[in-house]
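Coordinates in review
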Amino acid sequence: MADYRPIGVFDSGLGGLTVLKEIEKILPDESFVYFGDTGRVPYGNKSDEIIKLYARQDAKFLLKHNVKYIVAACGTVSSVAIDTAKELPVPFMGVVETAVMDAVKTTKNGKIGVIGTEATINNGAHKKEILKLLPDATVCTKACPLFVPLVEEGLFSASDGIVKETAERYLRDMLKDGIDTLILGCTHYPLLSDVIKEVAGDSVKLINTGVSTAVKLKDELTARGMLREENSEPTKSFFVSDRTVAFSRVAKILFGSEINDISVKVADISKI
Ligand code: DGL
């Protein structure tokens, strides 16, 4: 039986678009509703209580759009507020477990780096999950609080000195420790992949949570008999809690003319 309801994807802002892009490549027949909490971003420097409250509201917003599955395309929510899943009437997936499974499969020397927001790294969810699957692993973690503002400012280029120097400083210690795999634990970071690759070098494999999540989501929908069969054009709706230049810029880079200021609607998340 086909399930024609859309998949709901949310993030604190624009980072989740990197995940949606990967999901769409693997599940081109699915419809989506995306919510980016651009009015309250960043989540990564907020308390656990606030992140949990926001995650609950974001999920509730998507449920109003009759979604069949919710993806928290946000490393911070997936680390701190994964319990939100227990309260939901539809299945839920975060981006921590999926990335960890890929990292554990990828590493050859058992030395895995994790970068993310302050809240994600302080929570330690990635490290706990890695050690469950690979108890002898060495896990090197680093909060990278300047990466999100750089992305929001549109500074992603490897040729930009400030971006490169920031990446070098954040990655220095884990590179010295010999990591061969690096989890991009924040969904903003794939936009910095070029510079991170350049700084980390060819011997370090980057794990993009969007790719890992998309593959797992397809498996899950297939196993649950929830795929949408191709008989009509799928739809894509985008909502934000504030219209920001940063969201429009990244949306245009990732989705081109498919998304513009008219197709993105503003939602009042405080009324949820
Ligand atoms: N995209 C968010 C994440 O993956 C980062 C931005 C934020 O701090 O809200 O954690």
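All values derive from a computational prediction rather than experimental measurement.

Notes on the sheet that holds strand β2 (residues 32-36)
Spatially, six strands are ordered β4-β3-β1-β2-β9-β10 in an open sheet, and the strand pairing comes out parallel. The open sheet terminates on both sides in strands that have one partner only, identified here as β4 (92-93) and β10 (264-266). Contacting β1 (7-11), β2, β3 (69-72) and β9 (236-240), helix α2 (residues 48-63) crosses the sheet at an angle of about 150 degrees to β1.

A word on the site of the ligand
Around the ligand sit 14 residues in total, of which S12, Y43, G44, G75 and T76 are the nearest. One of the backbone N or O atoms of G75 is found 2.7 Å from an oxygen atom in the ligand. Between T76 and the ligand, the recorded distance is 2.5 Å, taken from a side-chain N or O atom to an oxygen atom. When the free accessible area of the ligand is taken as 300 Å², the share hidden by the protein chains comes to 99%. Partitioned by chemical class, the residues of the shell around the ligand number six nonpolar, seven polar and one charged.

Section: α2
In a regular helix each residue adds 1.5 Å, so 16 residues correspond to 22 Å; α2 covers 22 Å between its end C-alpha atoms and thus fits that length. Of the surrounding elements, those touching the buried residues of α2 are β1, β2, β3, α3 (75-80), α5 (118-123) and β9.

Thoughts on a nonpolar patch on the surface
Residues I26, V211 and V215 make up a contiguous nonpolar surface patch of roughly 190 Å² in combined accessible area. By the element assignment, V211 lies in helix α10 (residues 209-223). A relative accessible area of 36% places V211 in the partly exposed class.

Quick word on the environment of S270
With respect to the helices and strands, S270 occurs in the segment after β10. The exposure class assigned to S270 is exposed, which follows from its relative accessible area of 55%. The spacing of S270 and G36 is 234 residues in sequence and 14 Å in space, taken between C-alpha atoms. A distance of 2.7 Å separates polar atoms of two side chains, one belonging to S270 and the other to D268.

Let's talk about the side chain of H126
Looking at the secondary structure, you find H126 in helix α6 (residues 125-133). With residues near it in sequence (within four places) discarded, H126 still touches S79, V96, V100, V114, T120, I183 and G185.

Details of the packing of helix α8 (residues 161-176) against helix α9 (residues 193-200)
Across the interface, α8 lies against α9 with an axial gap of 9 Å and an inter-helix angle of 50 degrees. By the angle between their directions, the pair α8 and α9 is classed as oblique. α9 is crossed by α8, and the crossing has right-handed handedness. Counting all contacts with α8, which are made through V163, K164, A167, E168, L171 and L175, the residues of α9 involved are V195, I196, E198, V199 and A200. Residue composition of the contact of α8 with α9, by class: eight nonpolar, no polar and three charged.

Definitions and limits used
- Residues numbered from 1 in each chain as written.
- Predicted model: local features only at pLDDT ≥ 70, side-chain atom pairs only at ≥ 80, totals over all residues.
- Heavy atoms only, no water.
- Pairing = 2+ DSSP bridges.
- Helix = DSSP H or I, 4+ residues; strand = E, 2+ residues; numbered from the N terminus.
- Contact = heavy atoms within 4.5 Å.
- Axes fitted to C-alpha atoms, helices over the stretch in contact; angles between N-to-C directions.
- Near = heavy atom within 4 Å.
- Polar contact = N/O pair within 3.5 Å; in protein donor to acceptor, adjacent residues only side chain to side chain.
- Areas by Shrake-Rupley, 256 points an atom, 1.4 Å probe, with all protein chains shown as cover.
- Nonpolar A, V, L, I, M, F, W, Y, C, P; charged D, E, K, R; others polar.
- Expected span 1.5 Å × (residues − 1).
- Patch = residues over 30% accessible without salt bridge, like charges linked within 9 Å, V, L, I, M, F, W, Y side chains within 5 Å.
- Salt bridge = Lys/Arg side-chain N within 4 Å of Asp/Glu carboxyl O.
- Buried < 20%, exposed > 50% of the residue type's maximum accessible area, 1.4 Å probe, protein only.
- Parallel < 35°, antiparallel > 145°, perpendicular 65-115°, else oblique.
- Left-handed = near helix turned anticlockwise from the far one by under 90°.

Treat this as a map of the structure, not an account of what it does.
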